[in-house]
Amino acid sequence: MGKVDTNKKLKESSLLKTAFEFFTTKGFSKTSITDIVSKAGVAKGTFYLYFKDKYDIRNKLVSHKSSLLFKTALNELGSELDDIPFEDKIIKIVDNIVNQLNNNQSLLTFISKNLSWGIFKNAITSPVSEDDINFAEVYYNMLEESPNGFRDPEIMLFMIIELVSSTCYSAILYKEPCSLDKLKPYLYDSIRLIISQHELKGEK
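The rules we used
- Residues numbered from 1 in each chain as written.
- Predicted model: local features only at pLDDT ≥ 70, side-chain atom pairs only at ≥ 80, totals over all residues.
- Heavy atoms only, no water.
- Core = buried A, V, L, I, M, F, W, Y, C linked by side-chain atoms within 4.5 Å.
- Buried < 20%, exposed > 50% of the residue type's maximum accessible area, 1.4 Å probe, protein only.
- Helix = DSSP H or I, 4+ residues; strand = E, 2+ residues; numbered from the N terminus.
- Contact = heavy atoms within 4.5 Å.
- Patch = residues over 30% accessible without salt bridge, like charges linked within 9 Å, V, L, I, M, F, W, Y side chains within 5 Å.
- Areas by Shrake-Rupley, 256 points an atom, 1.4 Å probe, with all protein chains shown as cover.
- Salt bridge = Lys/Arg side-chain N within 4 Å of Asp/Glu carboxyl O.
- Polar contact = N/O pair within 3.5 Å; in protein donor to acceptor, adjacent residues only side chain to side chain.
- Axes fitted to C-alpha atoms, helices over the stretch in contact; angles between N-to-C directions.
- Parallel < 35°, antiparallel > 145°, perpendicular 65-115°, else oblique.
- Left-handed = near helix turned anticlockwise from the far one by under 90°.
- pLDDT = per-residue confidence, 0-100.
- Phe/Tyr/Trp six-rings, centres within 6.5 Å; stacked < 30°, edge-to-face > 60°.
- Lys NZ or Arg CZ within 6 Å of the ring centre and 35° of its normal.
- Nonpolar A, V, L, I, M, F, W, Y, C, P; charged D, E, K, R; others polar.

## Some details on the nonpolar core
Phase 1: Leu15, Phe86, Ile90, Ile93, Met156, Ile160 and Ile191 are the most contacted members of the largest nonpolar core, which has 61 residues in total.
Phase 2: Ranked by residue count, the leading element in this core is helix α9 (residues 153–174), at nine residues.
Phase 3: If sequence neighbours within four positions are ignored, Ile93 has contacts with Phe70, Ala73, Leu74, Leu77, Leu81 and Met142.

Right, here's the structure in full:
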């Protein structure tokens, strides 16, 4: 990467980092583009070289942060994901991500408030940064490795993501309807049921 490209990446990274700090402390609605560029030390015109508007940088941040959660989970689990059934792989990944969010509640709040399926789908298929992981590729590889086929795998993933994000948000932030530890066995049983409903027994 040349010096110009390196500088571009540094400016984009600085804008993303600064925006995230403002969004998680001051709030999205109370943060202006002027706030972001002033603290990042770049001209306002530079912002528009990378992002269309404030919503665009927020969506890219949601994508980037979501991707980092998956990347961390896959890196930490490593060989634990080898030679185990598809549903066990998904539950191990979910468990790791839930624990990450439990340890970083400002990130949980930011992602949960701004996550839509459209943004999430973009996050798993179009990495924002070179460091981001293409989770869609990982997901479909795991599906391929399973001895059984699956009906509507995108709907299956959507159901799992919606279930995890809504239930864990309440359990982590408000301990409602119970603590996260108490919720987990019920959550993972429900994930197994969702996967089972989509599984084509004995078919590929």
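Picking up after the structure, the text goes on.
## Thoughts on a nonpolar patch on the surface
Phase 1: On the surface, Ile155, Phe158 and Met159 cluster together to form a nonpolar patch covering roughly 250 Å² of accessible area.
Phase 2: The topology assignment puts Met159 in helix α9.
Phase 3: Relative accessible area serves as the criterion here: at 40%, Met159 is assigned to the partly exposed category.

## Here's the deal with the side chain of Asn148
Phase 1: Within the fold, Asn148 resides in the loop between α8 (135–145) and β1 (149–150).
Phase 2: The exposure class assigned to Asn148 is buried, which follows from its relative accessible area of 16%.
Phase 3: In terms of polar contacts, Asn148 uses its side chain to reach the side chain of Glu199, at 2.9 Å.

## A few points about the environment of Asn75
Phase 1: With respect to the helices, strands and loops of the structure, Asn75 is situated in helix α4 (residues 54–77).
Phase 2: Residue classification places Asn75 among the exposed residues on the basis of a relative accessible area of 57%.

## Looking at the packing of α8 against α9
Phase 1: Between α8 and α9, the shortest axis-to-axis distance is 12 Å and the interhelical angle comes to 115°. Judged by the inter-axis angle, α8 sits roughly perpendicular to α9. The handedness of the crossing between α8 and α9 comes out as right-handed. Where α8 approaches α9, its residues Phe135, Tyr139, Tyr140 and Leu143 are matched on the opposing element by Pro153, Glu154, Met156 and Leu157.

## Focus: the confidence of the model for the protein
Phase 1: Mean pLDDT over the protein: 90, with 92% of residues reaching 70 or higher.
Phase 2: Element-level pLDDT for the protein is lowest in helix α7 (residues 117–125), with a mean of 69, against a maximum mean of 97 in helix α10 (residues 180–198).

## Topic: the packing of aromatic side chains
Phase 1: Enumeration according to the criterion identifies 13 aromatic pairs in this entry.
Phase 2: Taken together, a centroid distance of 5.3 Å and an interplanar angle of 80° make the contact between Phe47 and Tyr48 edge-to-face.
Phase 3: On the basis of relative accessibility, which here comes to 43%, the residue Tyr48 falls in the partly exposed class.
Phase 4: Judged by centre distance (6.2 Å) and plane angle (25°), the rings of Phe135 and Tyr139 are stacked. One end of the pair, Phe135, and the other, Tyr139, are both in helix α8, four residues apart, so they sit about a helical turn from each other. Tyr139 carries the same exposure label as Phe135, and that label is buried.
Phase 5: Ring pairs connect the aromatic residues Phe70, Phe86, Phe135, Tyr139, Tyr140 and Phe150, which therefore count as one cluster.
Phase 6: Directly above the aromatic system of Phe22 lies the positively charged group of Lys39, at a separation of 5.7 Å from the ring centroid.
Phase 7: In this arrangement the basic side chain of Lys54 is found over the ring face of Phe28, its NZ or CZ atom lying 4.4 Å from the centre.

## Side note on the pattern of salt bridges
Phase 1: Considering all chains together, one arrives at eight salt bridges under this definition.
Phase 2: Residue Glu21 pairs with Lys39 through a salt bridge whose shortest N-O separation is 3.2 Å. Residue Glu21 is found in helix α1 (residues 3–25), and its partner Lys39 is found in helix α2 (residues 33–40); the two are separated by 18 residues along the sequence.
Phase 3: Judged by its relative accessible area of 31%, Glu21 falls in the partly exposed class.
Phase 4: Put simply, Lys92 and Glu80 hold a salt bridge, and the shortest N to O gap is 3.2 Å.

## So, the packing of α4 against helix α5 (residues 86–103)
Phase 1: In the contact formed by α4 and α5, the axes pass within 9 Å of each other and the chain directions differ by 120°. Compared by their axis directions, α4 and α5 come out oblique. Crossing hand, α4 versus α5: right-handed. Every residue of α5 that contacts α4 at Leu69, Phe70, Thr72, Ala73, Leu74, Glu76 and Leu77 is listed here: Lys92, Ile93, Asn96, Ile97, Gln100 and Leu101.
Phase 2: Within the contact of α4 with α5, the residues separate by chemical class into eight nonpolar, three polar and two charged.

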